[in-house]
Structures are given as structure tokens and as C-alpha cells.
Amino acid sequence: MAMALRCSRHLPALLYRSSFAVTRGLPQAAAGCPALLLDGCGQCAHQMLLTRQLATKKAKGKGQSQARVNISAALVEDIINLEETTEDMQAVVEALKEDFSRNLSVRTSPGALDHIIVMTKDGKFPLNQLGQISQKSPQLIIVNMTDFPESTAAATKAIRESSMNLNPEVDGTIIRVPVPKVTREHRENLAKLAKQSTNKSKEALRKVRSKSINQIKKFKNQVSEDTIWMLEKQIQQMADSTTAEMDKLLAAKTKELLG
């Protein structure tokens, strides 16, 4: 009897939760669909709702971080390609790494000039496709423009306007590029350029995130609110993780540049 009374006390709460699930309109499983969230799978939607409630409770706790969201890409492939989003975000990181390696070195080397883009009347070309680049001494790099003499002025301008603090000198079709001394000021300028480059990469990352969020919102009338919420949360977490990776790259590069 006592056991029955104790159980009956919890009955209203259970009925309320059941009623809440119904009023939220959890979708029913579609025929032949094990877990797709378009027009929903009741079991998956219920699990997502439960995860959302738990995450909200966790976020309210002092000193506790919000629970991470991890939706299988196969479940939402009709809404968004999460693997493609991951690749786009990683491409931003790889571009930042390449920029650091190519343009932000304490000591200028011939290879650092290879991919400087030169604007010519025939289009854009890497410097190493227009001229022969060699190092005559530790303090001097030579760019021989004999094959494309008409592009000498454009190549000189591109070198001067690069982010490497170079001041080229022209002698006919030969461009002499003095290698700047490694001063404290030069190191600090490179560190500032690294910060600027990272900020540009973060802006590119925000565009990737916004593009993905907008793609998800196109389905707001076809899937549950919780599906949209979970996907947006996962993409934001992916972006946060990528931002943290870029911050680590910047910290390491700044340490290298400042010595």
C-alpha cells in the first residue's frame, strides 16, 4: 500500500512530461527511415530534446560548460553536409598556416618570394613564373626578369608591396632585393602582421559558419525546432574549436617571431 502511494505521487509529473512531449509535436518515424530527421524519427527527436534539456541545465550550473553536441552526419545529410563544413573550416586554417610559412619569416629567403602575385597586363602570375629567383649572398636576393622584361616594373611593385618589408632595386631586367637586418622593430612588425592575418582568417571562418547556419535555416519548416537548434549548436562548436586552433597557431608564430 505504501509502495503504491509513493508511486502515485510521481504519476502527475510523468503525465506532465508525456503531455509536454506531445504538445512539442515530436515527429513519428517515417517508413523505411531508421533515424533521418527530415519529418523526423520520434526516438531521435526525443533523444535530441532530452540532450537539449540536459545541456541547458548544465549551462545554468556554476562553473560548468555546456554539453557538447555531436550529431551523426548521416542523420542530417539531407539538411547539410557537415563533412563539407568541416573541410571548409579546416581550409581556412591551412591557408593561415601557408601564409605564416610563406610571408612571415624572420629571415627572407628566395623561396619566400616565389609566390608573390604579380599583376601584369595578361593577368596575375606568381613571381617565380616570371623571373628566376636566386640568392647571391645572405644579404641579397636576385630576380632575373630576362624572360619577361615587360613585367619587371610590375614585379618590382609586387615585391615592394608584399608584407615582407622589402625594398627592391631595379637594374635593367635585374631586380636586386636586399635582405633586411633582423631588428627588434622588424620582428614586432612581423608579429603585428601575423595578428592581422589571423583576424582575416577568423573573418573567413565566420563566413563559413554563417553559410552553414543559413543552409540549416532553410529547413526550419520541415524539421523540428530542436533539430535546428542542435545543428546550429554543433556548427558553432566546430567554429569555436577552429578558432582555438588558429589562436594556438598565432601564439606559436608570435613566440617564434619575437624570439
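In case you missed it, the structure is sitting above this.
Presented here is an overview of the structure given in this document. (Residues numbered from 1 in each chain as written. Predicted model: local features only at pLDDT ≥ 70, side-chain atom pairs only at ≥ 80, totals over all residues. Heavy atoms only, no water.)

1. Some thoughts on the pattern of salt bridges
Working definition: two side chains of opposite charge can pair if their charged atoms are close together. Throughout the structure, instances matching the rule amount to six salt bridges. Among the ionic pairs, K97 bridges to E94, the shortest N-O distance being 3.5 Å. A residue pair is termed a helical-turn pair when its members lie 3 or 4 positions apart in one helix, as K97 and E94 do in helix α3 (residues 82–103) at three residues. On the accessibility criterion, E94 (39% relative accessible area) is partly exposed. Among the ionic pairs, R176 bridges to D171, the shortest N-O distance being 3.2 Å. We classify R176 as partly exposed; its relative accessible area is 29%. Among the residues examined, D171 registers a relative accessible area of 45% and is labelled partly exposed. (Salt bridge = Lys/Arg side-chain N within 4 Å of Asp/Glu carboxyl O. Helix = DSSP H or I, 4+ residues; strand = E, 2+ residues; numbered from the N terminus. Buried < 20%, exposed > 50% of the residue type's maximum accessible area, 1.4 Å probe, protein only.)

2. What about the sheet that holds strand β4 (residues 140–144)?
The strands that make up a sheet pair up through hydrogen bonds in the backbone, lying either parallel or antiparallel. Within the open sheet, the four strands sit side by side as β3-β4-β6-β5. Their pairing is antiparallel. Each edge of the sheet is formed by a strand with only one pairing partner; in this case those strands are β3 (132–137) and β5 (169–171). Neighbour to neighbour, the strand axes of the sheet diverge by 25° on average, direction disregarded. Across five bridges, β4 lies against strand β6 (residues 174–178) in antiparallel orientation. Across the sheet, the residue bridging to I142 is R176, located in β6. (Pairing = 2+ DSSP bridges. Axes fitted to C-alpha atoms, helices over the stretch in contact; angles between N-to-C directions.)

3. Quick word on the packing of α3 against helix α7 (residues 184–217)
Between α3 and α7, the shortest axis-to-axis distance is 10 Å and the interhelical angle comes to 165°. With respect to α7, the axis of α3 lies roughly antiparallel. As α3 runs across α7, the sense of the crossing is right-handed. Residue-level contacts link T85, D88, M89, V92, L96, D99, F100 and N103 of α3 to L190, A194, S197, T198, S201, A204, L205, V208, R209 and S212 of α7. (Parallel < 35°, antiparallel > 145°, perpendicular 65-115°, else oblique. Left-handed = near helix turned anticlockwise from the far one by under 90°. Contact = heavy atoms within 4.5 Å.)

Limitation: the analysis is restricted to geometry and does not speak to function.
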